[in-house]
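Next come the chains, spelled out residue by residue.
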Amino acid sequence: MHRCFNVTEILRNIFEQAFEDGKSRCCRKAVWSLSVACRAFRTVGREVLWSELHGLESLIKCMPDDLWETDGNPFAGEPVGIPDVKEPDTLISFARSPAPEDWVQFEYRAHFVKRFSWHQCFMQIDAETFRKISLHRPRTVCLFPNLQELCWKEWREDVYDYVNLFIGPKITRLELGQAEVSEDIHSVLRSLGAKCPLLEELNIEKPYFIHRSYHQFAVPSVSICALNRLRVANIPYPITVHEVVHLATLPALTEAQLMLNSTQDELCTHLSAVTIPLFPAIRILRISFVSLESPTLSIFNFINSTHLETVHLSSLEYPSANVVYKHLEVLSQHPCATRMTTLDLSFLWDCIRFSYAGKYPADLPMRILKLDALSPLLTMARLQDLTIASYYLDFDDDALATLAAALPQLHTLKLIPDYYAGKVSRVTLAGLIPLFQHCRGLHTLRLALDARSAVGLPATLPEGLKEVRLTALDVEDSPIVSPEAVAAFLAMFCHGAAPQLVFCAGYHIDALHLRQRAEFADLWGKVEMLLPLFIQTWKLALEAR
């Protein structure tokens, strides 16, 4: 054996490279094969092999053979309520209650587990098996004493609380998601301060199905104020002002997603009373309000970080254009504004209420977002990703050209109407030309446009368009008449492969809009088929010149 294998760090690196993230069965087999190749490899190989698990199946099968059994799942193949996810084919369960001596091999291997992830759609354990594990497990703090990272993606109400079996004092990263009932998550969060004193990353995903009264759920008693090491805190559930103030004072916090059901003036009053720098290291800030009101002060006035590069601002209710302007004005005056790369303004949640009621949003001129209301963002010349999502967004070709000239470094642009009610955008195909001329690095574009009017094709490609590499185009709810003309026009901006073309499904209210959407979807499908042909034609024409 080569002497380099006597160095534990080198040997561990080799095993970890073979293991990757442990999701592939082939990788796990490769590590096992290396472990048994030489007696000197076994210790390191065993540690790496069991360091990361994606479920409990492997550990349960280490227990006595007469303890567990596998059965066919009577619900195999049926949807579980999440897109493209179905019930597993088999279930693993206990044939009898585990005795203390049955846990010997389970406990031995559990000490090596440092990262554990659970996703119900790939797992084969039901609520009854979890109940038996909970009742008969060894009386330790948690199943995995040395666990550092836990990812728990579970939506079954009768299983979700079993995440507490895995939460222990050494966890530094916790990801929770996909709970249909908010109380399931709240019960877990209440004990985090005592159970996870070393927690550095807390990520909570939004549920797939958001109730219309989502923002009215009782504010959870999240023990955030006891978590002093947080670097990442993504919490899409309502939290109190005091918890926001605590997060703002954390010296290492670099990423935060916060949702408040209090007013911004109330928040700013509490922030004003703090004497130490607030958000001193924040890089990514996502903040949501129930209602975005015209503030005396904005939360952006209190950010002391010099590294802020990403801002997401959203509200559950549509704000007026004047309110949006004032918030953007404050943000544009921040010292980091000229270096900011990502800005997301999303006012989407009212669409849930309207879809339940089966009606259109009210036509309120004060809420219409034209370029004037968004003008402060034109000073953020280094923006690379810009998203503006609102039913009241109103852009035309001139506004799009002005935006493109002010933000030439855009890579991603999304101008999204959140509620599809048959409105026709004032942006036309001709408006795309100045966009691509100025933003030569643009690769992802999502906007609704009126593709019914014909655009004459130039004899030669306009200057600057040869560098465009559009790879994804989402046309939202766009009307179209001639797929051939549109495909020929778009081919000018696609000098690589044909972009992925998406026609958004959206909501339908009236029968006429429903029929029109079906027609438009078919025509955009033809555009997608014709694009590769026209792109190749353009390439041949350019080569001939």
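All figures in this text were calculated on a predicted structure; none of them were measured in a lab. Sequence order as written defines the numbering, with residues in each chain counted from 1. At least 70 in pLDDT is required for a residue's local features to be given in this predicted model, at least 80 for side-chain atom pairs to be given and counted, and no such filter applies to totals for whole chains, interfaces and linings, which use all residues. The side-chain quantities take in all heavy atoms of the structure and omit both hydrogens and water.

Participant: What is the right way to look at the packing of helix α2 (residues 25-37) against helix α3 (residues 42-49) in this model?
Facilitator: Packed helices, taken two at a time, are described by their axes: the angle between them and the distance between them. Note on method: axes are straight lines fitted to C-alpha atoms, helices fitted across the in-contact stretch only, with angles between N-to-C directions ranging 0 to 180 degrees. Counting from the N terminus, the helices are DSSP H or I runs at least four residues long and the strands are E runs at least two residues long. Across the interface, α2 lies against α3 with an axial gap of 8 Å and an inter-helix angle of 160°. Considering their axes alone, α2 and α3 lie roughly antiparallel with respect to each other. Crossing angle aside, the handedness with which α2 passes α3 is left-handed. Counted together, R28, V31, W32 and S35 of α2 and R42, G45, R46 and L49 of α3 form the full contact between these two elements. Of the residues that constitute the contact of α2 with α3, the class distribution is 3 nonpolar, 2 polar and 3 charged. Each angle receives one of four descriptions, namely roughly parallel if under 35 degrees, roughly antiparallel if over 145, roughly perpendicular if within 65 to 115, and oblique otherwise. Helix crossings are classified by the rotation of the near helix relative to the far one: an anticlockwise turn of less than a right angle makes the crossing left-handed, while a clockwise turn makes it right-handed. Any two residues whose heavy atoms approach within 4.5 Å at even a single point are treated as in contact. Three residue categories are used. Nonpolar comprises Ala, Val, Leu, Ile, Met, Phe, Trp, Tyr, Cys and Pro, charged comprises Asp, Glu, Lys and Arg, and polar comprises the others, including Gly.

Participant: Just checking my understanding: could you explain the pattern of salt bridges for this structure?
Facilitator: A side-chain nitrogen of Lys or Arg and a carboxyl oxygen of Asp or Glu constitute a salt bridge if their distance falls within 4 Å. This structure, assessed with the given rule, holds 17 salt bridges. The shortest N-O distance in the salt bridge between K61 and E57 comes to 2.9 Å. We call a residue buried when its accessible area falls under 20% of the maximum for its residue type, exposed when it is over 50%, and partly exposed in between, using a 1.4 Å probe and counting protein chains only. We classify K61 as partly exposed; its relative accessible area is 37%. A salt bridge links E201 to R231; the nearest nitrogen and oxygen atoms lie 3.1 Å apart. Note that E201 is positioned in strand β7 (residues 201-204) and R231 in the loop between β7 and β8 (232-239), a separation of 30 residues in sequence. Judged by relative accessible area, E201 falls into the buried class, the value being 18%. Among the charged side chains, a salt-bridge network with shared partners connects K153, R173, E175, E200, E201, E205 and R231.

Participant: I tried to follow the nonpolar core on my own but got confused; where do I start?
Facilitator: As a rule of thumb, soluble globular proteins bury nonpolar side chains together. What is meant by a nonpolar core is a set of buried Ala, Val, Leu, Ile, Met, Phe, Trp, Tyr and Cys residues, joined one to another through side-chain atoms within 4.5 Å. F116, F144, F166 and L432 are the most contacted members of the largest nonpolar core, which has 149 residues in total. Looking at which element gives the most residues to this core, the answer is helix α17 (residues 511-544), with 7 residues. What L432 contacts, discounting residues up to four positions off in sequence, is L400, L445, L447, L449, F489 and L490.

Participant: Please explain the pairing of β8 as it appears in this structure.
Facilitator: The side chains of a regular strand alternate, residue by residue, between the two faces of the sheet. Burial analysis of β8 places 8 of its 8 residues in the buried class, the great majority of the element. Paired strands, as defined in this entry, are two strands with at least two bridges between them according to DSSP. Where β7 and β8 come together, 3 bridges link them in parallel fashion. By the bridge assignment, E201 is partnered in β8 with V232. Bridging between β8 and strand β9 (residues 255-260) involves 5 bridges; their strand directions are parallel. Within β9, the position partnered with V232 by the bridge is E255.

Participant: Quick question: what am I supposed to make of unusual backbone geometry here?
Facilitator: The phi torsion of most residues other than glycine is negative, and most of the peptide bonds are trans. At F279, a position not held by glycine, the phi torsion is positive, near 45°. Assignment of secondary structure puts F279 in the loop between α11 (264-272) and β10 (284-289). On the basis of relative accessibility, which here comes to 1%, the residue F279 falls in the buried class.

Participant: Just to check I follow, could you spell out helix α14 (residues 397-406) for this structure?
Facilitator: Among all positions in α14, only A399, L400, L403 and A404 are buried. On an axial view of α14, the arc spanned by its buried residues comes to 135°, and they lie on one face. Residues of α14 that are buried sit in contact with β13 (385-389), β14 (412-416), α15 (432-438) and β15 (444-447). Along the arc lie the directions from the helix axis toward the C-beta atoms.

Participant: Just to check I follow, could you spell out helix α1 (residues 8-19) for this structure?
Facilitator: What sets the pattern is the α-helix's 3.6 residues per turn: residues three or four places apart point alike. Taking 1.5 Å of rise per residue, the 12 residues of α1 would be expected to cover 16 Å, and the 16 Å separating its terminal C-alpha atoms lies within 8% of that figure. Turning to α1, its buried residues number three or more, namely L11, F15 and F19. Relative to the axis of α1, the buried residues are bounded by an arc of 75° and lie together on one face. Exposed residues pointing more than 90 degrees away from the buried face of α1 are listed as E9 and Q17. In the core, the buried residues of α1 are packed alongside α2, α3 and β1 (52-53). A positive phi of about 55° marks E20, the residue just after α1. Multiplying 1.5 Å by the helix residue count minus one yields the expected span of that helix.

Participant: How should I be thinking about empty space enclosed by the protein in this particular structure?
Facilitator: If you roll a probe as big as a water molecule over the atoms, it shows you where there is empty space left. The way it works is a 1 Å grid over only the protein atoms, where trapped points that fit a 1.4 Å probe form a cavity and open points with protein on both sides within 12 Å along at least five of seven lines form a pocket, and then any residue with an atom within 4 Å of a point lines it. Grid points are joined across faces, edges and corners, and a volume is the space filled by probe spheres set on the points. All chains considered together, the criterion is met by 1 cavity of 30 Å³ or more. If you add up the space inside the largest cavity, you get close to 60 Å³. In terms of lining residues, the largest cavity is bounded by F106, E107, A110, H111, P138, T140, C142, L143 and P145. For the lining of the largest cavity, the class distribution of residues is 6 nonpolar, 2 polar and 1 charged.

Participant: How do you make sense of the confidence of the model for the protein chain when you look at a structure like this?
Facilitator: Caution applies to low-pLDDT parts of the model: their predicted coordinates are not meant to be read in detail. For every residue, the predictor states its confidence as a pLDDT score lying anywhere from 0 to 100. Per-residue confidence for the protein chain averages 81 on the pLDDT scale, and 80% of its residues sit at or above 70. Predicted confidence for residues 75-87 stays below pLDDT 50, and this span has 25 contacts to residues more than four positions away or in other chains.

Participant: Would you explain the packing of aromatic side chains in this entry?
Facilitator: Aromatic ring pairs: the centre-centre distance and the angle between the two ring planes describe each pair. Each Phe, Tyr or Trp ring (for Trp, its six-membered ring) is paired with any other whose centre lies within 6.5 Å, and the angle between the two planes then decides the class: stacked below 30 degrees, edge-to-face above 60, tilted in between. The final tally for this structure, using the stated rule, is 12 aromatic pairs. Aromatic pair W118 and W152: ring centres 5.6 Å apart, planes at 20°, arrangement stacked. A residue pair is termed long-range when its members are at least 10 positions apart, and W118 in strand β4 (residues 115-119) and W152 in strand β5 (residues 149-153) qualify at 34 residues. Feature note: the residues F116, W118, F130, F144, W152, Y162 and F166 constitute an aromatic cluster, connected by ring pairs.

Participant: Which parts of the structure should I look at to understand the environment of A40?
Facilitator: Relative to the helices and strands, A40 resides in the loop between α2 and α3. For the pair A40 and L11, spaced 29 residues apart in the sequence, the C-alpha separation amounts to 9.9 Å.

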